[in-house]
Structures are given as C-alpha cells and as structure tokens.
Amino acid sequence: MISKKFYDKKVVFIGSGNMAEAIISGFVKYDIVKASNIVCNDISRDRLQYMAHKYAVSAQQDKSEALNKADIVFLTIKPQTFKNVLEEYGKQIGKAKMVVTIAAGITTEFVEKYLSKKTVLIRVMPNTPALVGKGAMAVCGGKNATKENINDIADLFSVIGRVVVVKEKLINAITAVSGSGPAYVFYFSEVMRQAAENLGIPSDMAKELVYQTIFGSGKMLIESGLDDTVLRKNVTSPGGTTEKAMEEFLNSDFKQVVFSAIEKAKQRAEEL
C-alpha cells in the first residue's frame, strides 16, 4: 500500500521536463498527491500549458510564486543550471519541509550550502524508463534526512519503477549503470536491428523481432529467478549458432568495452 502522507501537500516541480513528467504522471495516476496541489514551473510556457492540460496540475512560470508555501520541492533541472537556480532561489527553496534533487553529479553537500540548516534533502537518480512506469531508481539522503524521510520518498517513487536505497557514495556509479544504462540498451538494439536489415530482414520486421527479443529477455531476467549468466548459458548450446555469436563478442573484447564505457560515465558524473 503506497503512503498518501503527501496527498494534501503542495508539491512544486522546478523544471518540467521528461523526468518531472514521469514522476507527476505516477503521482496523478495512483492518486498519491492531489493533482491540484502539484505546481509545475518551467521557462517554457508551451511546456507548462501541456503539463496543465494533460495532468490537471497548476502551472506557474514565476519561480517565486511557484515556491510560495511549498511543502516539497523537486529540483528536476539540468545539472548545469543548479548553481544559478540555487544562488537565486536557494533561501526560498529551503523553506520547504523537504527538497528532492534529480541530477547527475550534484551532491547533497553542494545543494545544502544554499538551503537552511534544517532543510531535509533527498537525492534521487532515476532513469528514462520511469516514463513508462518501469524505471530503476536509487535514493539517498542528505545530512538532515532520517530513515523515515528516505523511505517516504522511495515509496513515492515506487509508483514509476523499482527503487533501491543507497549511500550517496554509490550514486555516481549507479548513474553510470542504470541512469545512463537505457542508452546502452537502445544502442545495442539499434545495432542488432541494423545487422538484421543487413541480412535482408525487412526494416519493420527487424524492429519487431529485436524489440520483442529485448523486452522478453528483460522480463526473463526479472521473473525467471535465474541470474543473467545462467540464462545466457541456457541459450548457448555447444556448437550452435549462439556460441558462434558469443565467440565474436569474446574475441572482440566486448566486456572490456562495456567496463570502460561505464567507467567513463562514472567519471563524467564526478566531473559534473
């Protein structure tokens, strides 16, 4: 049973992009925050009109007006804009009972410098499958956050995917794995589709086969009770077609490429 302790609270989103929309859609769909109590703020008037029309939430282009009497503030803005927003509106943001940040590389320590000494700060790292209710998210707390605070936010985010509670020192690594991870899967899909087309499979059919293969494989990973290594070995019959393909992956050092790519993503999160 998802908690409704925030149902009547004023919940403000500074930034109303795709991730904000994913969160809001979950809140509204499962009725865990009253839509009329959700306020969206964005520099784009068109975006605000879209959000207000689709989700029946309030839209406010003026940040000060949006933040007035806020109970919870979600900072769903790009990492590069955090400093400017916090410098200008940090004191007002800090008046909220709780602040939730969603941005790669932005530590709770950095944000807390701009807030009041008592502000409860929670950091969340989601990924884009949250847009379809299948996100993978990590949650950690700032210096004032209690276990209950962290669990409350984890509970809220559970409506758009799976949530793990972690220490902040793991967030950059998680950003590199699940935060950026959908792009890796999409790229693998893209290359598989192109390879299928190269073998003469019509484009529409290639898409259908590749997309369903990835979807079905993901479902098996979650529901079969078997880990990825066992599932891979179950498909790889000795002397068969899959074994030949796997030899190519192994001979081309595919594993090291993936290791290196994820390490680079982690380093970039640290730079941000």
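Coordinates for the structure precede this section.
Values in this document were obtained by computation on a predicted structure and should not be read as measured data. (Residues numbered from 1 in each chain as written. Predicted model: local features only at pLDDT ≥ 70, side-chain atom pairs only at ≥ 80, totals over all residues. Heavy atoms only, no water.)

J.: What is the right way to look at the nonpolar core in this model?
T.: One broad rule of soluble globular proteins: the nonpolar side chains tend to lie buried together. Phe13, Phe27, Phe74, Val100, Ile122 and Phe157 are the most contacted members of the largest nonpolar core, which totals 36 residues. Excluding residues within four positions of it along the chain, isoleucine 122 makes contact with Met98, Val99, Val100, Thr101, Val139, Cys140, Gly141, Ala145, Asn149, Ile150 and Ile153. The next biggest cluster of nonpolar side chains, apart from the first, holds 21 residues, and it includes Ala70, Phe82, Val85 and Leu86. (Core = buried A, V, L, I, M, F, W, Y, C linked by side-chain atoms within 4.5 Å. Buried < 20%, exposed > 50% of the residue type's maximum accessible area, 1.4 Å probe, protein only. Contact = heavy atoms within 4.5 Å.)

J.: What is the right way to look at the sheet that holds strand 8 (residues 161–165) in this model?
T.: In a beta sheet, neighbouring strands are held together by backbone hydrogen bonds and run either parallel or antiparallel to one another. Pairing is mixed in the open sheet, where eight strands are placed in the order 3-2-1-4-5-6-7-8. Across the chains shown, the open sheet's two edge strands, defined by having one partner strand only, are strand 3 (58–59) and strand 8. Taken together, the four bridges between strand 6 (residues 120–125) and strand 7 (residues 135–141) define a ladder with antiparallel strand orientation. From the neighbouring strand, valine 124 faces strand 7, where its bridge partner is valine 139. (Pairing = 2+ DSSP bridges. Helix = DSSP H or I, 4+ residues; strand = E, 2+ residues; numbered from the N terminus.)

J.: Can you help me understand helix 9 (residues 203–223) in this one?
T.: Structural remark: α-helix, 3.6 residues per turn; residues separated by three or four positions point the same way. Look at helix 9: 30 Å from first C-alpha to last across 21 residues, which is about the 30 Å you get at 1.5 Å a residue. Looking one or two places after helix 9, you find glycine 225, whose phi comes out positive at around 85°. (Expected span 1.5 Å × (residues − 1).)

J.: Mind showing me how you'd approach helix 1 (residues 18–29) here?
T.: Between its terminal C-alpha atoms helix 1 stretches 16 Å, which fits the 16 Å expected from twelve residues at 1.5 Å a residue. Of all twelve residues making up helix 1, nine are buried, and the element is well covered by its neighbours. Considered for burial, the residues of helix 1 that qualify are Met19, Ala20, Glu21, Ala22, Ile23, Ile24, Ser25, Gly26 and Phe27. Looking at the packing, one finds that the buried side of helix 1 touches strand 1 (11–14), strand 2 (38–41), helix 2 (45–55), strand 4 (72–75) and helix 6 (147–157). Downstream of helix 1 by a residue or two, aspartate 31 has a phi angle that is positive, lying close to 55°.

J.: When you look at the pairing of strand 4 in this model, what are you seeing that I'm missing?
T.: Every regular strand shows the same layout, with side chains that alternate between the two sheet faces. Burial of strand 4 is two-sided: the residues Ile72 and Phe74 facing one way and the residues Val73 and Leu75 facing the other way are all buried. Bridge count between strand 4 and strand 5 (residues 98–101): four bridges; the pairing is parallel. Among the inter-strand pairings, leucine 75 is bridged to a residue of strand 5, identified as threonine 101. Once the chain exits strand 4 it traverses helix 4 (residues 82–93) before rejoining the sheet at strand 5, and the crossover so formed is right-handed. (Right-handed = clockwise from strand over helix to strand, strands pointing away.)

J.: Which parts of the structure should I look at to understand the packing of aromatic side chains?
T.: Given two aromatic rings, one states the distance between the centres and the angle between the planes to describe the pair. Here the structure, examined in full by the defined rule, presents eight aromatic pairs. For the ring pair phenylalanine 13 and phenylalanine 74, a centre distance of 4.6 Å and an interplane angle of 10° mean the geometry is stacked. With a gap of 61 residues between them, phenylalanine 13 in strand 1 and phenylalanine 74 in strand 4 connect regions that are remote in the sequence. Note on accessibility: phenylalanine 13 and phenylalanine 74 belong to one class, buried. Taken together through their ring pairs, the aromatic side chains of Phe13, Phe27, Phe74 and Phe157 make up a single cluster. (Phe/Tyr/Trp six-rings, centres within 6.5 Å; stacked < 30°, edge-to-face > 60°.)

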